[in-house]
Amino acid sequence: MKFRKKILIGLAAMLLATSMQTAQAAQQTQALPSLIVTADRVANDAAQVSADTTVITQQQIEQSQKSSVADLLRQQAGIHVAASGGPGKATSVFIRGGNSGHTLVLIDGVRVGSATLGSFDWGNLSTADIERIEIVRGPQSSLYGADAMGGVIQIFTRKGKPGSQVSAHVEAGSYSTVSASSTVSGGTEAGVDYAVTVNTLRTDSVSAAAKGTETDPYRQTTASGRVSLPVGEGEIEILARNVDGKTGLDGGFPLGDVLNYTSNTKQSVMSARVSYPFTDYLDSTLQLSRSLDEVIGHDPAGGFNNSDFRTRINQITWQNHLDLDAVSMLFGVDVHQDKGNSGSAGFARSLTQKAGFSSLAWHADWFDLNGSVRYDSNSVSNNKTTYKTGLAVHPLDGLKITANYGTGFKAPSLNQLYFPGFGNPNLKPEQSKGWDAGLHYSQLEEQLSFGFDATWFDQRYTNLIVNSTSTAFLSAPANLAKARTNGLEISANMAYGPAYMRGNWTFLRAINSADNTLLPRRARDKGSIVGGITVMGLTIEVEMDIVGPRFSSPFNRKPMQGYKKTDIRANYAINKQWKLTARVDNAGNKVYEEVSGYGVLGRAWYGGVSATF
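The rules behind the values
Positions within a chain are numbered from 1, following the residues in the order the chain's sequence is written. Local features in this predicted model are restricted to residues whose pLDDT is 70 or higher, and side-chain atom pairs enter the listing and the counts only when it is 80 or higher, whereas totals over whole chains, interfaces and linings include all residues. To obtain the side-chain values, all non-hydrogen atoms of the structure were used and water was disregarded. A run of H or I in DSSP counts as a helix once it spans at least four residues, and a run of E counts as a strand once it spans at least two, with each numbered from the N terminus. Our radius of gyration looks at C-alpha atoms and nothing else; its globule reference is 2.2 Å times the residue count to the power 0.38. Exposure classes here rest on a 1.4 Å probe applied to the protein chains alone. A residue is buried below 20% of its type maximum, exposed above 50%, and partly exposed in between. Any two residues whose heavy atoms approach within 4.5 Å at even a single point are treated as in contact. One side-chain nitrogen of Lys or Arg within 4 Å of one carboxyl oxygen of Asp or Glu is enough to make a salt bridge. Two strands are counted as paired when DSSP detects at least two bridges linking them. Stacked, tilted and edge-to-face pairs are distinguished by plane angle, under 30 degrees for stacked and over 60 for edge-to-face with tilted covering the rest, among Phe, Tyr and Trp rings (Trp via its six-membered ring) whose centres lie within 6.5 Å. The predictor attaches a confidence to each residue, and that confidence, scored 0 to 100, is pLDDT.

1. Here we look at the overall build of the protein
- Secondary structure summary: the protein contains five helices and 34 strands in total.
- Taking 2.2 N^0.38 as the reference for a compact globule, 613 residues should give roughly 25 Å; the C-alpha atoms of the protein span a radius of gyration of 24 Å, in line with that estimate.
- Projected onto its principal axes, the C-alpha coordinates of the protein cover approximately 70 × 55 × 50 Å.
- Relative to its 613 residues, the protein shows a buried fraction of 52%.
- Long-range contacts, defined as pairs at least 24 residues apart, comprise 61% of the intrachain contacts of the protein with a sequence gap of at least 6.

If you want it as structure tokens, here you go:
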């Protein structure tokens, strides 16, 4: 309750201050100009989107000075993050209480993740080449198919702009940390644009085991490139992204130091996309893509820690958008083949999913109505039909009332189906159905901007895959579990002159329906507040993240205490070309856990310099 009282007082004060300023301002308001792509698979005005969506802009990413996307997601309403150790360690993301595999992750429209595990590891995703992030909460399988039963997070990498630009950033700090990144981007009068980014990070970090004494260092290199070429009225876009990471790990029972145990990871994305407007009303897009995910564990002492798992996802997507102003229609096909192999486990398997999808939207003066449906044919498990409908009502300028209902599913992973001595080839897809209702208000004036969002959600999961007893010495997966998650997401933001503030709070009830125990690693209460000011080129921000008590393991085992963590950061623009940055993470040197038994960084200081030409 203390967590709730503190955050509610803070939000109330922010809203009261904002309302006082608003009363003194002029009455005319206007919506914040923005486009959202992921919610409807095509770019739409944010005011017309019914789905509960958050956009993290490039400015917010740079202002935060965060080097990993996982750290950005920790700030967001409705999202829980759990890392098994320091930087580079296995990291899971939970949207609205769903499992980590219930979130579809896209990078520039390309599906990424491990087909063997059935989820995406966020531990290696750098912010260096990212232009924006879109988060869509709630079931989205009617547009995106399997894995989107809890939501979709799409990462958009940087695009070039007219002219040419070279930027670089170097930073060093605690735990012998050194990072550097450089981006070359630009655009020509002929309509060609390009962007290339290289980023490296080296840190000695801390022991992955909280009680360990030897450090588990992390090394990561990201290289990405994107180029767009005009073709008549259309465009060809080619992109590639590769991440190589190496991190020290710990293990054992109980969890402790394992000397020289390392994990080498590779995450790659390659894509070619052609977009062409056949008429003033009809646009068509064809995208061919491939993503790779590789994890190799190496322990010189041998044994169970030596492992290798490789995934390859080949995807073809063809979609068409018919836009008749008041009415728009989207239709297309989506095919992806997931291949996984493991020499250590002794299996090589694949699955193919083919789907057709369509959506229809009606835009009127005071409301926007949308609906979508998708049929997925799966080569190794049951076929599924999913649907979704949404409504956005605009009774007043700046005010939007939304409601959504949808269904979702997740196909079994290759490990769950085929892992030797463990897999169950008779597994059915996991299923979900859920709804949300929200109130959204935004206002922009000459000196004042203000926004407020409140969304209630309720989602039920059935056929969840859990491990059961088996005649083998390993437990076998089966469709046995049910769960229900519901709660309230509240967020607000205000900017007045040089000062700004934003905050959010999530009340979550995530329950195993079989025994009413709490789902692990999801706190009932969670929030974040960021306040900042910019004066004469100097920007100072203070961020406080608050996470309530929760359990690390199923059936209410391994309780973890709640915590509050404060980060402080500043940057100073010397001129248009040069900028100095400084920050202190975990300023209070809090000791806390995201996964029971695993370590986290203590107080850490960093300083850097950026240049743009």
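So that's the structure; there's more coming.
2. Observations concerning unusual backbone geometry
- In the Ramachandran plot, methionine 536 falls in the positive-phi region, its phi being about 50 degrees despite a non-glycine side chain.
- Tracing the backbone shows methionine 536 in the loop between β28 (525-535) and β29 (538-547).
- Despite not being glycine, lysine 558 shows a phi value in the positive range, around 60 degrees.
- With respect to the secondary-structure elements, lysine 558 resides in strand β31 (residues 557-560).

3. A look at the pattern of salt bridges
- Following the criterion strictly, the structure yields 30 salt bridges and no others.
- Of the charged contacts, one joins aspartate 52 and arginine 96 as a salt bridge, the two residues approaching to 2.7 Å between their closest N and O atoms. Here aspartate 52, found in the loop between β2 (44-45) and β3 (53-56), pairs with arginine 96, found in the loop between β5 (91-95) and β6 (103-107); they are 44 residues apart in sequence, far enough to count as distant. The same class applies to aspartate 52 and to arginine 96, which are both buried.
- As a salt-bridge pair, glutamate 171 and arginine 583 come within 2.6 Å of each other at their nearest N and O atoms. On the criterion of sequence distance, the pair formed by glutamate 171 in strand β10 (residues 163-173) and arginine 583 in strand β33 (residues 578-585) is long-range, its members being 412 residues apart. Like glutamate 171, the residue arginine 583 is buried in the burial classification.
- Salt bridges sharing partners connect three or more residues here, namely Lys66, Glu541, Glu543, Lys565, Asp567 and Arg569.

4. Side note on the sheet that holds β6
- A sheet is described by the order of its strands in space; here five strands give the open sequence β3-β8-β9-β6-β7, paired in mixed fashion. The sheet terminates laterally at β3 and β7 (110-111), the two strands that pair on one side only.
- The pairing of β6 with β7 spans two bridges and is antiparallel. Pairing of isoleucine 107 across the sheet is with valine 110, part of β7.

5. Structural notes on the environment of asparagine 264
- Assignment of secondary structure puts asparagine 264 in strand β15 (residues 262-277).
- Measuring from C-alpha to C-alpha, the distance between asparagine 264 and threonine 247 comes to 6.7 Å, with 17 residues separating the pair along the chain.
- Apart from residues lying up to four places away in sequence, asparagine 264 is in contact with Gly245, Lys246, Glu294, Val295 and Ile296.

6. Some remarks on the packing of aromatic side chains
- Under the definition given, this model contains twelve aromatic pairs.
- Residues phenylalanine 120 and tryptophan 122 carry aromatic rings whose centres are separated by 5.0 Å and whose planes lie at 90 degrees to one another, so their mutual orientation is edge-to-face. With respect to class, phenylalanine 120 is no different from tryptophan 122; both count as buried.
- Measuring from centroid to centroid gives 6.0 Å for tyrosine 441 and phenylalanine 450, while their planes differ by 55 degrees, and the two rings are tilted.
- Residue classification places phenylalanine 450 among the buried positions, given a relative accessible area of 12%.
- Connected via pairs of aromatic rings, a cluster forms that spans Phe309, Phe347, Phe419 and Phe422.

7. Examining the confidence of the model for the protein
- Mean pLDDT over the protein works out to 92, with 93% of the residues at or above the 70 mark.
- Mean pLDDT per element in the protein: helix α1 (residues 2-24) is the minimum at 44, and β33 is the maximum at 98.
- When the criterion is pLDDT under 50, residues 9-33 qualifies, and its contacts beyond four places in sequence or with other chains add up to 32 contacts.

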